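Examination of the molecular architecture
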Amino acid sequence: MNNDQLIIAGKAFSSRLFTGTGKFNDQKTMVAALQASKSELVTMALKRIDMQHKEDDILAPLIKNGMNLLPNTSGARNAKEAVFAAQLAREALQTNWVKLEIHPDPKYLLPDPIETLKAAETLANLGFIVLPYVHADPVLCKHLESAGCAAVMPLGAPIGSNKGIKTAEFLEIIIEQANIPVVVDAGLGAPSHAALAMEMGADAVLVNTAMAVAGDPVAMSRAFAKAVEAGREAYLAGLGGQSKIAVASSPLTAFLEAG
Amino acid sequence: MKITVNENIVQLDDKCNIEQLLIVLESPLKGSAIAVNQKIISRSEWVNYQLQENDQVSLFQAIAGG
């Protein structure tokens, strides 16, 4: 498995588990959980500062621990805002990688496919490494690939819902058709969900909420790391086919009868 | 001179560049991004970019997010 690296835009990753930094109770737990996950790519958001209530500096511990940063465009409601957010993030974090997310609807946070494609084209032309968060839409994913995206990040279920993979059949088509890495993002609520995505042939998964809100975020992050490794190894090993009827695992010869 | 930072009025010395502004605001230099009058100012320009009276500064910072 050591040689089984994931390559995105020329960058190699040993871990196929990407993580987010949101919703952790405190910074110490977040850093410990991210370390336990062995993740090498972590997402961050960008916010217009509230001068009266400044946020903690979470950047320093992430950089200190050698994490690669993937800023997102969360909060953008259309392509224009997302491009602006990506440019700000590039300045703030000094990276041209961006998780492009445009979800104007606050209830389900479902990504806007039209604005996402528009923004992806613009950002790719501006030299960004674009990883768009999208619905599990195989046609859209091919358009995004043509637009120059470095990977696609189709959802399993709505962000933070912990519902697991509700889009399995469409993810399978996306994985089958993609010539760029497929990172299943959003909705993965348990290690088994992550393992399933990897068994299906996803190149990586991104998990945030399920780790951050767990009773023990560090232990849960470790469990996700194991699940992702197990799912990947199972995919590479080649899963056996399914059958409607039983297929005996032991010989059915009548050993009690005389030979 | 008077400028606004995220809609808050800030009084500064007459000569102030962006890096000096962040120091005055006690805002971290790392993880921050700045737009002046809706135009993003690249980090490499911060030291040379002199703020002007009535400039509208937008200050952004990297925060936790998924």
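Please read all numbers here as calculations on a predicted model, not as lab measurements. (Residues numbered from 1 in each chain as written. Chains lettered and ligands numbered in written order. Predicted model: local features only at pLDDT ≥ 70, side-chain atom pairs only at ≥ 80, totals over all residues. Heavy atoms only, no water.)

Overview of the sheet that holds strand β8 (residues 153-154) of chain A
All names here are of chain A. Heads up, the rule is: Here the rule is simple: two strands pair whenever DSSP picks up at least two bridges between them. Only DSSP runs of H or I covering at least 4 residues are called helices, and only runs of E covering at least 2 are called strands; the numbering of each starts at the N terminus. Only heavy atoms matter for contacts: two residues are in contact if any of them lie within 4.5 Å across the pair. Axes, fitted as lines to C-alpha atoms, cover a helix only where it is in contact. Angles between the N-to-C directions of the axes lie from 0 to 180 degrees.
Taken together, the three strands give an open sheet; going across it, the order is β6-β7-β8, and neighbouring strands pair in parallel fashion. Unpaired on one side and paired on the other, β6 (97-100) and β8 mark the two borders of the sheet. Contacting β6 and β7 (129-134), helix α4 (residues 113-125) crosses the sheet at an angle of about 175 degrees to β7.

Focus: the confidence of the model for chain B
Interpretation of this model should avoid reading the predicted coordinates in detail wherever pLDDT is low. Keep this limit in mind: Known as pLDDT, the predictor's per-residue confidence is scaled from 0 to 100.
Averaged over chain B, the pLDDT score is 92; the fraction of residues at 70 or greater is 100%. The ipTM value of the predicted complex is 0.88, and its pTM value is 0.91.

A word on α4(A)
Residues and elements named next belong to chain A. Heads up, the condition is: Here the expected length of a helix is defined as 1.5 Å per residue gap, with one fewer gap than residues. Residues adjacent in sequence count toward polar contacts only when both atoms are side-chain atoms; beyond that, a polar contact is any pair of N or O atoms within 3.5 Å, and within protein one must be able to donate a hydrogen and the other to accept it.
Helix length check: α4 (13 residues) gives 18 Å between terminal C-alpha atoms against 18 Å at 1.5 Å per residue, within 8%. Structurally, α4 contributes buried residues whose contacts are with α3 (79-93), β6, β7 and α5 (138-146). Capping the start of α4, D112 holds a side-chain oxygen 3.0 Å from the backbone nitrogen of I114, two or three residues further along. Among the residues trailing α4, G127 stands out with phi positive, at a value near 90 degrees.

Remarks on the environment of B:N6
In plain terms, the rule: Type-normalised accessible area, obtained with a 1.4 Å probe on protein chains alone, sets the label of each residue: buried when under 20%, exposed when over 50%, and partly exposed for intermediate values.
Within the element layout of this structure, B:N6 appears in the loop between β1 (2-5) and β2 (8-11). What makes B:N6 buried here is its relative accessible area of 6%. In sequence terms B:N6 and B:Q52 are 46 residues apart; their C-alpha atoms lie 16 Å from each other. If we ignore the near neighbours within four places in the chain, the residues touching B:N6 are A:R48, A:I49, A:M51, B:V57, B:S58 and B:L59. Of note is the side chain of B:N6, whose polar atom sits 2.7 Å from the backbone oxygen of A:I49.

Regarding the interface of chain B and chain A
Note the cut-off: Summed over both partners, the accessible area (1.4 Å probe) lost when two parts come together is defined as the buried area. Note on definitions: salt bridges are taken to be side-chain nitrogens of Lys or Arg within 4 Å of carboxyl oxygens of Asp or Glu.
The interface of chain B with chain A comprises 27 residues on the first partner and 29 residues on the second. Both faces considered, chain B and chain A share a buried interface measuring about 2,400 Å² in area, 60% of it formed by carbon and sulfur atoms. Its largest share of buried area at the contact with chain A, chain B owes to B:Q61, B:I63 and B:G66, together 26% of the area lost on that side. Between the two partners, chain B and chain A, sit one salt bridge.

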